[in-house]
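# Reading the structure
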Amino acid sequence: MTTSPANNMDVKRRNRVNTLRCILKSDRVSQMELTQRLALSWPTILQNVKELTDLGLVREDGMYASTGGRKAKAYAPVRDARVAVGVDLTADHVSVALVDLGGTLLRQATGALRFSMEDIYFQYLGGLLQRFVEASGAADRILGVGVALPGIVDEERELLRDSHALGLRNVPLSRFTQRIPWPCHCLNTAHAAGLSELRDTEGDMVYLSLDDTVGGAILRDGALYRGDRLRAGEFGHTTLIPGGRPCWCGKAGCLDAYCSAKVLAEHAGGSLSAFFEELRSGDSEKRGLWREYLECLAAAVNNLHVSFDCDMVVGGRVGACLEEFGELLRALLAERNPFEPDSSYLKYSRCSQEAAAMGAALTQVEAFFQGL
């Protein structure tokens, strides 16, 4: 059976991309190490490294010490040879992030900006991004802009189908990107945050976002699973307590009504940071509320773990505080685990506030890899 030229090209491209990914994960690596890590032939690695060096994505970095034979050349990634911008749009603020090819956050900015469908809003957004890029000194290396939107994003039909947070239905994605002078890609906010948190995962993982709304993302075989109707990861609308608290979706007892950041913030004048400050100071009322919150969260996390049987990451604004305040959560999860008293499958957020903007930017990095 012969291999078609098209398949041959696919294999070559995949090997080249995998070589670049491997180099990006290393500060310094030899061609021999690459052949061993990737299980590729020496000629293939030699050709890939040459092509990546010619593209300015890899550079020679001296020689390794001799081990008795010829000294091996060392190669290093040029991670900032290309960079991408991510934008996280919410009802009342905008976050912007600049990432390199390795997914490292190079620059970040967040500011209050009330969302509006008026052209002046999008004009200001475009100007804000241009100023952000100019200040970074990376204008000539921008791959594109990823835009995270709070709602169901239909990429095939190029529509924001539904956004409770922005009060929108069936709005063309081009409305959000019309003033941005770079290639753009839009996606759901929780999916973007999940991509940022799960970017080094090749297998399966679930991301749970605890923000003003509860959402999430599912990673299968290292790729984002969106579902048949683009609603995969809408964990906020799983039923936690039948007939319980009313949810903004119109139903009752949804996880969102018990575990959104707003549930805590409303007990501290609308400020989540104030809630945790009072919790830190030992306020007995806040300690009681926090325990109640964590008992609900533990039930939800356990349900997801039993359903998906893989590691989980909890992020969002509440997730960012679990490193400090999550000891009780781990105890509750170990107690609820029906198989063994273990909660090690739960990981805490690495990216906190900038996760969605970073994940949105990474979609442009991934598109660049796929085009190599």
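Preceding this section is the structure that the text describes.
Described in the following lines is the structure provided in the data block. (Residues numbered from 1 in each chain as written. Predicted model: local features only at pLDDT ≥ 70, side-chain atom pairs only at ≥ 80, totals over all residues. Heavy atoms only, no water.)

### Some details on the sheet that holds strand β1 (residues 29–30)
Strand order across the open sheet formed by three strands is β1-β3-β2, with antiparallel pairing between neighbours. Only two strands of the sheet have a single neighbouring strand rather than two, namely β1 and β2 (58–63). With four bridges joining them, β2 and strand β3 (residues 73–77) adopt antiparallel strand pairing. By the bridge assignment for β3, Glu-60 is matched with Tyr-75. (Pairing = 2+ DSSP bridges. Helix = DSSP H or I, 4+ residues; strand = E, 2+ residues; numbered from the N terminus.)

### Remarks on the sheet that holds strand β4 (residues 83–89)
Taking strand neighbours across the sheet as the criterion, the five strands line up as β6-β5-β4-β7-β11 in an open arrangement whose pairing is mixed. The open sheet has two edge strands with one neighbour each: β6 (105–112) and β11 (184–188). Along the sheet, successive strands turn relative to each other by an average axial angle of 15 degrees, direction set aside. Two elements, strand β7 (residues 142–149) and β11, share five bridges in a ladder whose sense is parallel. Bridge assignment links Gly-146 to a residue of β11, and that residue is His-185. Sheet strands in contact with helix α6 (residues 189–197) are β4, β7 and β11, and its direction is about 100 degrees off that of β11. (Axes fitted to C-alpha atoms, helices over the stretch in contact; angles between N-to-C directions. Contact = heavy atoms within 4.5 Å.)

### Observations concerning unusual backbone geometry
At Leu-230, a position not held by glycine, the phi torsion is positive, near 65 degrees. Structurally, Leu-230 can be placed in the loop between β14 (223–225) and α7 (256–259). One non-glycine residue with positive phi stands out, namely Asp-309, at about 50 degrees. Structurally, Asp-309 is set in the loop between α10 (284–308) and β15 (311–315).

### Section: the pattern of salt bridges
Using the criterion set out here, one finds 22 salt bridges in the structure. Linking Glu-155 and Arg-226 is a salt bridge whose minimum nitrogen-to-oxygen distance equals 3.1 Å. Taken together, the residues Glu-155 in the loop between β8 (152–154) and β9 (159–163) and Arg-226 in the loop between β14 and α7 connect sequence positions 71 residues apart. On the basis of relative accessibility, which here comes to 28%, the residue Glu-155 falls in the partly exposed class. The exposure class of Arg-226 is partly exposed, given its relative accessible area of 29%. The closest approach of N and O atoms between Arg-291 and Glu-295, which form a salt bridge, is 3.1 Å. Remark: Glu-295 and Arg-291 occur in helix α10; sequence separation between them is four residues, near one turn of the helix. Residue Arg-291 is classed as partly exposed on the basis of its relative accessible area of 40%. Residue classification places Glu-295 among the partly exposed residues on the basis of a relative accessible area of 37%. Connected through shared salt-bridge partners, Arg-28, Arg-59 and Asp-61 make up one network. (Salt bridge = Lys/Arg side-chain N within 4 Å of Asp/Glu carboxyl O. Buried < 20%, exposed > 50% of the residue type's maximum accessible area, 1.4 Å probe, protein only.)

### Some thoughts on the packing of helix α9 (residues 272–280) against α10
Where α9 meets α10, the closest approach of the two axes is 8 Å, and the angle between their N-to-C directions is 115 degrees. With respect to α10, the element α9 is oriented roughly perpendicular. By crossing handedness, the relation of α9 to α10 is classed as left-handed. Across the interface between the two elements, Phe-275, Phe-276, Glu-278 and Leu-279 of α9 pack against Lys-286, Arg-287, Leu-289 and Trp-290 of α10. Classifying every residue of the contact of α9 with α10 by side-chain character gives five nonpolar, no polar and three charged. (Parallel < 35°, antiparallel > 145°, perpendicular 65-115°, else oblique. Left-handed = near helix turned anticlockwise from the far one by under 90°. Nonpolar A, V, L, I, M, F, W, Y, C, P; charged D, E, K, R; others polar.)

### Looking at the environment of Asp-342
Positionally, Asp-342 belongs in the loop between α13 (327–336) and β16 (346–348). Distance from Asp-342 to Ala-356, taken between C-alpha atoms, is 29 Å for residues 14 residues apart in sequence. Among residues more than four places away in sequence, those in contact with Asp-342 are Leu-333, Ala-334 and Asn-337. Reaching out from Asp-342, the side chain makes a polar contact with the side chain of Ser-344 at a distance of 2.9 Å. (Polar contact = N/O pair within 3.5 Å; in protein donor to acceptor, adjacent residues only side chain to side chain.)

### Re the state of the cysteines
Under the definition given, this model contains zero disulfides. Left unpaired, Cys-184 is separated from the closest cysteine sulfur, that of Cys-186, by 6.6 Å. Judged by relative accessible area, Cys-184 falls into the partly exposed class, the value being 29%. In this model Cys-296 remains outside any disulfide bridge; the closest cysteine sulfur is found in Cys-259, 5.4 Å from its own. By relative accessible area, Cys-296 is classed as buried at 13%. (Disulfide = S-S within 2.5 Å.)

### Focus: the side chain of Arg-16
Relative to the helices and strands, Arg-16 resides in helix α1 (residues 5–24). Judged by relative accessible area, which is 16%, Arg-16 ranks as buried. Sequence-distant contacts of Arg-16, that is, excluding residues within four places in its chain, are made with Asn-48, Glu-51, Leu-52 and Leu-372.

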